[in-house]
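Single-letter residue listing:
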Amino acid sequence: MKKYLLALLLTAFTATSHAALRIEVTEGTTAAIPIAVVPFKGTNEDGEADIARVIQDDLGSTGLFKLMARDKMLAMPGARSDVNYKNWRTVSVDYLVVGQITSTESGYSVRFELLDVYTPDRVLASFEIDAPRGSLRRAGHMIANRVYEALTGHPGVFTTRIAYVTLTRRAGEIQYELVVADQDGYNPQVIARSPEPIMSPSWSPDGRHLAYVAFDIDRGLAILQVQDIGTGKVQAISAREGINGSPAWSPDGRYMALTLSYHGNPDIFIFDTKTRKMRQLTQNPAIDTEASWSPDGQSLVFTSDRGGGAQIYQVAASGGNAQRLTFEGKNNQRAVYSPDGKSLALVQGGGGYRIALMDIKTRAMRILTSGPLDESPSFAPNGQLLIYTRSGRSGAELATISIDGRIKTRLTQRGEVREPAWSPMQ
Amino acid sequence: MTTFKQNWLGLVMIAVLGITVAGCGGKDKVRDDDAFPTYNEDDSNAGSTSGIDTSRLNERGLKGVESDDRRRFLDPNDPLSTRVFYFDFDSDRVRTEYMASIQAHAEYAKRRGSRVRLEGHTDERGTREYNVGLGERRAQAVQRLLAAQGVSASSLRVLSFGEERPQELGHDESAWSRNRRVEIIYERQ
């Protein structure tokens, strides 16, 4: 079991410094890959970012790598030609990330190479890119993506973002904030703030919009709205009487599944963002809610208590009869498709609420977390891990778990953090 | 990604926009009674018609009640003082102990032509949007009883918060039992 403490200090980017998420690997793997990320050679006069540190923290946060501490490094080569492979073998490092930064007119030129210590001729990954001023962290995340992919076979998600809802209580005042941050907790941006609840953030497939639920207490309404993250423009999708909730975009971004109850009880509807027409997908006097689209856009899963307790059902996007998918566990709620469409992550209740993974074909259910109040699972876009909410010492906090259940991290900050939604690949 | 930093000031403005759209424009005006229900702990004459500490309720939800009538809503011996109805676990059945209060509210609403909002709430167990559905069922159960007493459908509306606005913050049955509830809100006319 390894422990990394990545203290993420956020000062320059935002006034909401309390939104800093701190990532801590609480359970790692014994088969971690030994790697050294050597501090990059070259100028970085304004001290914008320690790019090697960004890469190291990214890799460390996955729990899959055993990172060599800088003060243990015998040499700090900036390119393959400067590497003494034998020395690195003696300190049991298998892979080496080396690189250099040079100043250019508009910013920097960044080069990196991923080297196999035991096969000196091989360069496993490399690139040279121009990084404008202010984008060194981003460049570091891009390098981490390449290193992660070269060594694990899965695309890295270090350039993605997460959206989440925070709740702070100060002197009887409650404040909800919808925050979008880099996946490592940096650059948090508050995109909506309200004394009334904010719920159910959902990314558009292009990563440019968030749909979420807000409450207009003066009008006594819940409002499902879409916000352009770049421009801030907000558009109401539905503010009917009753529930306007559970937004979920279709994979092509054209449609949005949502829950409405103006007709008497919650059913799933499909909103066409082009024609702005609403079509009812499910018709059942029970609660039908929490829809999620299959990656091929052909079907949806949703929560329904039409059979008594809450269970997961599947329905074709074109409509028709719904088929019950879950039978194990007292109840199963809020399923989301994995990016490959083969499994569902869901919340299983019964003596606590835990995150489970179900193989859609075999219906085999695997409980991943221990509860007691885990919820809101959201897949990383590479399908390798989930972010979810658990109850921590000071209320709800975010956590991640690898889909094999072995690697766990906690993401903490002051106040409550909930309803994480992982962005698409960006 | 460069634009990230540059956009930041713009994003602060977005936040402001978000507020307006999220309907909290009148923040300063409504802040006090629209916050989570608070209870006056040192109210010593805690009496009750139903076993619930109705006298501890503040004036949240009384915006639509004429000031002459407020006294009744705050008098623990008046059935109108019960404005929060608690529910059993996993149940949307209104307890019989609340029937007298519901009847009193129905009569009052009819007489005054009040606009009444029924806010449904659940405990924290289960997923959030599903709980919004459960909270709505509870609010609808009270709505049906009021309608059955002759309150016009057009003056009744239901709003469910699910588990989003707990009355108590604990993670045990005593907190959960206070969070499974429906609140009667008299909306401003």
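All values reported here derive from a predicted model rather than from experimental measurement.

1. Let's talk about the overall build of chain A
Of the regular secondary structure elements, chain A holds 3 helices and 32 strands. The principal-axis extent of the C-alpha atoms belonging to chain A is close to 70 × 45 × 45 Å. Counting over 426 residues, chain A shows a buried share of 51%. A separation of at least 24 residues holds for 44% of the contacts in chain A among residues at least 6 apart in sequence.

2. Focus: helix α1 (residues 51-61) of chain A
All names here are of chain A. With 10 of its 11 residues buried, α1 lies for the most part within the structure. The set of residues buried in α1 consists of Ile51, Ala52, Val54, Ile55, Gln56, Asp57, Asp58, Leu59, Gly60 and Ser61. One or two residues past the end of α1 sits glycine 63, with phi positive at roughly 75°.

3. Regarding helix α6 (residues 128-148) of chain B
Taking 1.5 Å of rise per residue, the 21 residues of α6(B) would be expected to cover 30 Å, and the 30 Å separating its terminal C-alpha atoms lies within 8% of that figure. Positioned one or two residues after α6(B), B:Gly150 has a phi angle of 100°, which is positive.

4. Considerations on the packing of helix α5 (residues 99-112) of chain B against α6(B)
Residues and elements named next belong to chain B. Put simply, α5 and α6 touch, their axes get as near as 9 Å, and they point 60° apart. It follows that α5 is oblique to α6 by the angle criterion. Note that α5 runs across α6; the crossing there is right-handed. Of the residues in α6, those touching α5 at Ile102, His105, Ala106 and Ala109 are Val142, Leu145 and Leu146. Here the residues of the contact of α5 with α6 sort into 6 nonpolar, 1 polar and no charged.

5. A short note on the sheet that holds strand β11 (residues 189-194) of chain A
Residue and element names in this part refer to chain A. The 4 strands are arranged β11-β10-β9-β32 in an open sheet whose pairing can be described as antiparallel. Each end of this open sheet is capped by a strand with a single partner; those strands are β11 and β32 (416-422). Direction aside, neighbouring strands of the sheet carry axes that sit 20° apart on average. Two elements, strand β9 (residues 161-170) and β32, share 5 bridges in a ladder whose sense is antiparallel. Bridge pairing in β32 links isoleucine 162 to tryptophan 422.

6. Quick notes on unusual backbone geometry
Residues and elements named next belong to chain A. Following glycine 371, the chain continues into proline 372 via a peptide bond in cis, with omega recorded as 5°. Turning to its location among the elements, proline 372 is positioned in the loop between β27 (365-367) and β28 (375-379). Unusually for a residue other than glycine, arginine 276 sits at a positive phi of about 60°. Mapped onto the elements of the fold, arginine 276 is located in the loop between β18 (267-272) and β19 (278-280). Residue class for arginine 276 comes out exposed when judged on the 8 C-beta atoms lying within 10 Å of it.

7. With respect to the environment of B:Leu156
Residue and element names in this part refer to chain B. Counting through the fold element by element, leucine 156 comes out in strand β3 (residues 156-162). In this structure leucine 156 comes out as buried when scored by C-beta crowding, with 21 C-beta atoms within 10 Å. Sequence spacing of leucine 156 and leucine 74 is 82 residues, and the spatial spacing of their C-alpha atoms is 22 Å. Ignoring any residue separated from it by four or fewer positions in sequence, one finds leucine 156 in contact with Val116, Leu118, Gln143, Leu146, Ala147 and Val151.

8. Structural notes on the confidence of the model for chain B
Residues and elements named next belong to chain B. Of the residues in chain B, 69% have a pLDDT of 70 or more, and the chain-wide mean is 76. Residue range residues 1-57 is modelled with pLDDT below 50. Its contacts to residues more than four positions away, or to other chains, number 104 contacts. What the predictor reports for the complex is a pTM of 0.86 with an ipTM of 0.91.

9. Observations regarding the packing of α1(A) against helix α3 (residues 136-152) of chain A
The packing of two helices is summarised by the inter-axis angle and the distance between the axes. All names here are of chain A. Two numbers describe how α1 lies on α3: the axes approach to 8 Å, and their chain directions differ by 45°. Considering the angle they form, α1 stands oblique to α3. Where α1 crosses over α3, the two elements pack in a sense that is right-handed. Residue-level inspection shows Ile51, Val54, Ile55, Asp58 and Leu59 of α1 in contact with α3, the latter providing Leu136, Arg137, Ala139, Gly140, His141, Ile143, Ala144, Val147 and Tyr148. Grouping the constituent residues of the contact of α1 with α3 by class yields 10 nonpolar, 2 polar and 2 charged.

10. Some thoughts on the environment of B:Ser155
Examined against the element boundaries, B:Ser155 turns out to sit in the loop between α6 and β3. Contact partners of B:Ser155, with chain neighbours within four places excluded, come to B:Ala109, B:Gly113, B:Ser114, B:Arg115 and B:Val116.

11. A look at the nonpolar core
All names here are of chain A. Among the nonpolar cores identified, the biggest contains 141 residues, and Ile55, Leu96 and Val97 are the most heavily contacted of them. A per-element tally of this core places α3 first, with 8 residues. Non-local contacts of isoleucine 55, meaning those with residues more than four positions away in its chain, are made with Val37, Val97, Gly140, Ile143, Ala144 and Val147.

12. Focus on the pairing of β9(A)
Residue and element names in this part refer to chain A. In the sheet, β9 pairs with strand β10 (residues 173-182) via 10 bridges, with the strands oriented antiparallel. From the neighbouring strand, valine 165 faces β10, where its bridge partner is leucine 178. Hairpin connection between β9 and β10: a loop of 2 residues separates the two successive antiparallel strands, and alanine 171 in this loop has a positive phi of roughly 50°.

13. Things to note about the sheet that holds strand β16 (residues 244-249) of chain A
All names here are of chain A. Strand order in the open sheet made by the 4 strands is β16-β17-β18-β19, with antiparallel pairing throughout. Of all the strands in the sheet, just β16 and β19 have a single pairing partner and so form its edges. For this sheet, the mean inter-axis angle between neighbouring strands, taken without regard to orientation, is 30°.

14. Points about the pairing of β28(A)
Residue and element names in this part refer to chain A. Taken across its 5 residues, β28 has 5 buried, putting it largely inside the fold. Sheet topology places β28 next to strand β29 (residues 385-392); 3 bridges connect them, and they run antiparallel. For serine 378, the partnering residue across the bridge sits in β29 and is isoleucine 387. Hairpin remark: β28 followed by β29, antiparallel, with 5 residues in the connecting loop; positive phi at glycine 383, about 75°.

What counts as what
Residues numbered from 1 in each chain as written. Chains lettered and ligands numbered in written order. Predicted model: local features only at pLDDT ≥ 70, side-chain atom pairs only at ≥ 80, totals over all residues. Helix = DSSP H or I, 4+ residues; strand = E, 2+ residues; numbered from the N terminus. Buried ≥ 20, exposed ≤ 12 C-beta atoms within 10 Å, placed from the backbone. Contact = placed C-beta atoms within 7 Å. Expected span 1.5 Å × (residues − 1). Axes fitted to C-alpha atoms, helices over the stretch in contact; angles between N-to-C directions. Parallel < 35°, antiparallel > 145°, perpendicular 65-115°, else oblique. Left-handed = near helix turned anticlockwise from the far one by under 90°. Nonpolar A, V, L, I, M, F, W, Y, C, P; charged D, E, K, R; others polar. Pairing = 2+ DSSP bridges. pLDDT = per-residue confidence, 0-100. Core = buried A, V, L, I, M, F, W, Y, C linked by C-beta atoms within 7 Å.

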